[in-house]
Amino acid sequence: MNATILAVDQVSKRFAGRVALDSVSIEVARGSMTGVIGPNGSGKSTLFNIIAGTLRPDEGSVTVDGREITRASAAEICGLGVARTFQISRLFSEMTVLENLVAVARGLDDRAAIALALELLEFLEIGNIAKKWGSELSYGQRKLVEIARALMLQPKIMLLDEPFAGINPRLQNRIVEHLKTLCAKGITVFFIDHEMRIVLTECDLVYVLAEGRLIARGDPHTVRNDSKVLEAYF
Ligand code: ADP
Ligand code: MG
């Protein structure tokens, strides 16, 4: 087994000549909680889109569990155990929560998919909303259901795009506890955050992007005291 579950090697991406990512390299250890922070527009979502296969890099490569996936399709990458959530919720509003989960199951019959969905909702302490419509959910509930939906793929690694944005600190802390439980089970959690509070307390390793460049990398303590990080944020 590879100790490194995800490696991004010198990835660059331009949009109409504008540099969104400039030779970014990142390594994520299996079972770790790894974070990426950076101001708005620093390239965080672009990085996730490239890893998940919805964007192609102009240069560089991406390797998951020792296998190069730079030119693989999003479906193939998903099949290799990479699940993601989006910054903006993509749940189906005309389906119930349970249906939203069952709809994305892979390689399970209906019965097994329903059983897994209910188990995940219990795990995230939202079993009570299984029958609610997507359109009825609060913003915080959506964030949790997004995570449950990613877990339906029984992934090796989860890419979470701003899972804590816009929700109250109590729910943020609850989500952190759930993510830690996943890490303890060997699932890797790789998330983007715009704010620093959670990344800079909970992560094993933090990467900092600013204007498409990696400006710092280290444990939370190191990153918090890095002059380049303070400059990018304040
Ligand atoms: P972040 O998630 O850190 O806020 P993004 O990765 O969304 O940043 O964006 C990085 C830069 O790339 C921004 O300048 C943004 O405007 C630009 N960008 C992102 N996606 C596209 C796109 N599809 N077309 C053109 N420009 C884009
Ligand atoms: Mg973003």
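Residues numbered from 1 in each chain as written. Chains lettered and ligands numbered in written order. Predicted model: local features only at pLDDT ≥ 70, side-chain atom pairs only at ≥ 80, totals over all residues. Heavy atoms only, no water.

Enquirer: Please provide a residue-by-residue account of the pairing of strand E10 (residues 213-218), values included.
Expert: Both strand E9 (residues 205-210) and E10 contribute to a ladder of five bridges, which runs antiparallel. Across the sheet, the residue bridging to Val208 is Ala216, located in E10. Here E9 hands over to E10 after two residues, with Glu211 in that stretch at a positive phi of 50°. (Pairing = 2+ DSSP bridges. Helix = DSSP H or I, 4+ residues; strand = E, 2+ residues; numbered from the N terminus.)

Enquirer: Now, about the layout of surface pockets: what can you tell me, with residues and values included?
Expert: Of the pockets and cavities examined, the largest pocket occupies roughly 300 Å³. Forming the walls of the largest pocket are 15 residues, and the residues nearest its centre are Cys78, Ala83, Arg84, Phe86 and Leu153. If you list the elements that add at least two residues to the lining of the largest pocket, you get helix H2 (74-79), strand E6 (82-85) and helix H5 (139-151). When the residues that make up the lining of the largest pocket are grouped by side-chain class, the tally is 10 nonpolar, one polar and four charged. (1 Å grid on protein atoms, 1.4 Å probe; cavity = no way out; pocket = protein on both sides within 12 Å on 5 of 7 lines; lining within 4 Å. Points joined across faces, edges and corners; volume = space filled by probe spheres on them. Nonpolar A, V, L, I, M, F, W, Y, C, P; charged D, E, K, R; others polar.)

Enquirer: Quick rundown of the pattern of salt bridges? Include the residues and the values.
Expert: Side chains bearing opposite charge may pair, as long as their charged atoms lie close to each other. What the rule picks out here adds up to nine salt bridges. With a shortest N-O distance of 2.6 Å, Arg30 and Asp65 are connected by a salt bridge. Of this pair, Arg30 sits in the loop between strand E2 (18-29) and strand E3 (33-37) while Asp65 sits in the loop between strand E4 (59-64) and strand E5 (67-68), and the two are 35 residues apart along the sequence. Taking relative accessible area as the criterion, Asp65 reaches 24% and is therefore assigned partly exposed. Put simply, Lys180 and Glu177 hold a salt bridge, and the shortest N to O gap is 3.8 Å. Taken together, the residues span about one helical turn, with Lys180 and Glu177 both in helix H6 (residues 169-184) at a distance of three residues. On the basis of relative accessible area, Lys180 is assigned to the partly exposed category, the value being 35%. (Salt bridge = Lys/Arg side-chain N within 4 Å of Asp/Glu carboxyl O. Buried < 20%, exposed > 50% of the residue type's maximum accessible area, 1.4 Å probe, protein only.)

Enquirer: Give me the lowdown on H5, citing residues and values where you can.
Expert: In this model H5 runs 19 Å from its N-terminal to its C-terminal C-alpha over 13 residues, within 8% of the 18 Å that 1.5 Å per residue would give. Taken across its 13 residues, H5 has 12 buried, putting it largely inside the fold. Contacts from the buried residues of H5 go to E6, helix H3 (97-102), helix H4 (110-123), strand E7 (157-161) and H6. (Expected span 1.5 Å × (residues − 1). Contact = heavy atoms within 4.5 Å.)

Enquirer: Which residues make up the packing of H5 against H6, and what values go with them?
Expert: A pair of packed helices is captured by two measures, namely the crossing angle of their axes and the spacing between those axes. Here H5 crosses H6 at 10°, and the two axes come no closer than 11 Å. By the angle between their axes, H5 is roughly parallel relative to H6. Side by side, H5 and H6 meet where Gly140, Leu144, Ile147 and Leu151 of the first sit next to Leu171, Arg174, Ile175 and Leu182 of the second. Among the residues forming the contact of H5 with H6, the class breakdown is six nonpolar, one polar and one charged. (Axes fitted to C-alpha atoms, helices over the stretch in contact; angles between N-to-C directions. Parallel < 35°, antiparallel > 145°, perpendicular 65-115°, else oblique.)

Enquirer: I'd like to hear about the sheet that holds E7, residue by residue, with values.
Expert: The strand order across the open sheet formed by six strands is E6-E7-E8-E3-E9-E10, and the pairing between neighbours is mixed. Only two strands of the sheet have a single neighbouring strand rather than two, namely E6 and E10. Within this sheet the neighbouring strands show an average axis-to-axis angle of 15°, counted without direction. Helix-sheet contacts for helix H1 (residues 44-52) involve E3, E6, E7, strand E8 (188-193) and E9, and the interaxial angle to E8 is about 145°. Relative to E6, H5 is tilted by about 165°, and along the sheet it contacts E6 and E7.

Enquirer: I'd like a description of the site of ligand 1, backed by residues and values.
Expert: Taken together, the residues surrounding ligand 1 are Phe15, Arg18, Ala20, Pro39, Asn40, Gly41, Ser42, Gly43, Lys44, Ser45 and Thr46. Ser42 has a polar backbone atom sitting 3.2 Å from an oxygen atom of ligand 1. Notes on ligand 1: free accessible area 560 Å², of which the protein chains cover 61%. Of all the elements in the fold, those that place two or more residues in the shell around ligand 1 are E2 and H1. No other element matches the three residues that H1 contributes to the shell around ligand 1. A per-class count over the shell around ligand 1 returns three nonpolar, six polar and two charged. (Near = heavy atom within 4 Å. Polar contact = N/O pair within 3.5 Å; in protein donor to acceptor, adjacent residues only side chain to side chain. Areas by Shrake-Rupley, 256 points an atom, 1.4 Å probe, with all protein chains shown as cover.)

Function cannot be inferred from these measures alone, as they are strictly geometric.
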